Amino acid sequence: TAFFSASEKSAIITIECPNHPGKILAFELFRHETKLTAHVNGEDIYYTLDIGMKGNLGESQCGNQHDAMDEETIHKVELLVAEEVKHNILYAFHMFQGLQVDPGDFAAKLKAHEPLAWERVKEHWDEATFPNVSLLPSVNVTIESIGSHK
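Residues numbered from 1 in each chain as written. Predicted model: local features only at pLDDT ≥ 70, side-chain atom pairs only at ≥ 80, totals over all residues. Heavy atoms only, no water.

Caption draft 1: Examining helix 3 (residues 105-113) more closely. Taken together, the buried positions of helix 3 are Phe106, Ala107 and Leu110. End-on, the buried residues of helix 3 take up no more than an arc of 95 degrees, which puts them together on one face. In this structure, helix 3 carries Ala112 and His113 as exposed residues pointing more than 90 degrees from its buried face. (Buried < 20%, exposed > 50% of the residue type's maximum accessible area, 1.4 Å probe, protein only. Helix = DSSP H or I, 4+ residues; strand = E, 2+ residues; numbered from the N terminus. Arc of directions from axis to C-beta.)

So, in structure tokens, the structure goes:
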């Protein structure tokens, strides 16, 4: 739930090195902004989650090759980290839906920004509405510095 509400202070996100399969790179998150927005389209309710992340590329099992990455490789790594974050967010979101448990932010956003829709669904939010809403995450990752630690 930390990424839904921007309560995560720092994190390590690991991905497989794009140039060395089987080797791991670690992205050290040190700042992020999160915006969860409720949307209503007729009877459909969905959410967008926009996340901007900044951090460093830290631990590397790829040797010293990443101390001097070119811009194209850095961009590729940023996209891979973003995809990993999206995957983790959607996994957690679907787990909450399967348990019929709103982690807290979704109902509150709907109530605050779409009060008429909230009035229509509040009586059956946990068991019928929340398990069927969609989440569309968008993640933008910026690597600010590179340094491998062994």
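Caption draft 2: Layout of the environment of Pro131. Its place among the elements puts Pro131 in the loop between helix 5 (125-129) and strand 4 (134-146). For Pro131, a relative accessible area of 22% translates into the label partly exposed. For the pair formed by Pro131 and Phe93, sequence separation is 38 residues and the distance between their alpha carbons is 9.4 Å. Once you skip the residues sitting within four places of it in the chain, Pro131 turns out to touch Gln97, Gln100, Trp125 and Asp126. (Contact = heavy atoms within 4.5 Å.)

Caption draft 3: Main features of the sheet that holds strand 1 (residues 11-16). Pairing is mixed in the open sheet, where four strands are placed in the order 1-2-3-4. Of all strands in the sheet, those bounded by a partner on one side alone are strand 1 and strand 4. Taken over all neighbouring pairs, the strand axes of this sheet differ in orientation by 35 degrees on average, direction set aside. Pairing of strand 3 (residues 44-60) with strand 4 involves 12 bridges; the strand directions are parallel. Bridge pairing links Tyr47 to Leu135 in strand 4. The sheet contacts of helix 2 (residues 71-98) involve strand 1, strand 2 (24-41), strand 3 and strand 4, and relative to strand 4 the element is tilted by about 145 degrees. Where helix 3 meets the sheet, it contacts strand 2, strand 3 and strand 4, and its direction lies at approximately 40 degrees from that of strand 2. (Pairing = 2+ DSSP bridges. Axes fitted to C-alpha atoms, helices over the stretch in contact; angles between N-to-C directions.)

Caption draft 4: Up close: the packing of aromatic side chains. This structure, assessed with the given rule, holds six aromatic pairs. The interplanar angle of 50 degrees and the centroid separation of 5.6 Å between the aromatic rings of Phe106 and Phe130 together place this pair among those described as tilted. With Phe106 in helix 3 and Phe130 in the loop between helix 5 and strand 4, the pair connects residues that are 24 residues apart, well separated along the chain. For the pair shown, Phe106 and Phe130 are each scored as buried. (Phe/Tyr/Trp six-rings, centres within 6.5 Å; stacked < 30°, edge-to-face > 60°.)

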